[in-house]
Amino acid sequence: MTQHTFPLDREFIELNILLKLLGIASSGGAAKAMVAAGLVSVDGVVESRKTRKLRGNETVRVGDDEIRVLTA
C-alpha cells in the first residue's frame, strides 16, 4: 500500500483535483471516471460525488493508495 499525505493549505480541495495533483489519476477526467466507477472511498465509504469537497482529517482510498488529507 502506498500512503500519501496531503497538507491542506486552503478551505477545501475537490476530490477529483486531489487525485490529479497526486498523480493517482492522469487527468481530471480520469479522476472523475474513477469516482464514477466506484473505485474511490472517503473514510471507508464509497464516494460517488466527483467534486466532493475535502476539508481535512479525511482518508481517501483508491486501490492500493491511501491519502490522508490533513489541515495545515
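Up top you'll find the structure we're talking about.
Residues numbered from 1 in each chain as written. Predicted model: local features only at pLDDT ≥ 70, side-chain atom pairs only at ≥ 80, totals over all residues. Heavy atoms only, no water.

## Concerning the environment of Ala36
Step number 1: Mapped onto the secondary structure, Ala36 falls in helix 2 (residues 28–36).
Step number 2: As for Ala36 and Lys50, which are separated by 14 residues in sequence, their C-alpha atoms are 7.1 Å apart. (Helix = DSSP H or I, 4+ residues; strand = E, 2+ residues; numbered from the N terminus.)

## Regarding the packing of aromatic side chains
Step number 1: Enumeration according to the criterion identifies zero aromatic pairs in this entry.
Step number 2: Across from the ring centre of Phe12, 4.7 Å away, lies the NZ or CZ of Lys53, which sits over that ring. (Phe/Tyr/Trp six-rings, centres within 6.5 Å; stacked < 30°, edge-to-face > 60°. Lys NZ or Arg CZ within 6 Å of the ring centre and 35° of its normal.)

## Here's the deal with the pairing of strand 6 (residues 58–62)
Step number 1: The two faces of strand 6 differ: Glu58, Val60 and Val62 on one face are buried, but Thr59 and Arg61 on the other face are not.
Step number 2: Of the strand pairs in this sheet, strand 3 (residues 40–42) and strand 6 are connected by three bridges, and their pairing is antiparallel. Counted as the bridge partner of Val40 is Val62 from strand 6.
Step number 3: Sheet topology note: the strand 6/strand 7 (residues 65–71) ladder contains five bridges and is antiparallel. From the neighbouring strand, Val60 faces strand 7, where its bridge partner is Ile67.
Step number 4: From the end of strand 6 to the start of strand 7, which pair antiparallel, there are two residues, and Gly63 there has a positive phi angle of about 55°. (Buried < 20%, exposed > 50% of the residue type's maximum accessible area, 1.4 Å probe, protein only. Pairing = 2+ DSSP bridges.)

Taken by themselves, the reported measurements are silent on function.
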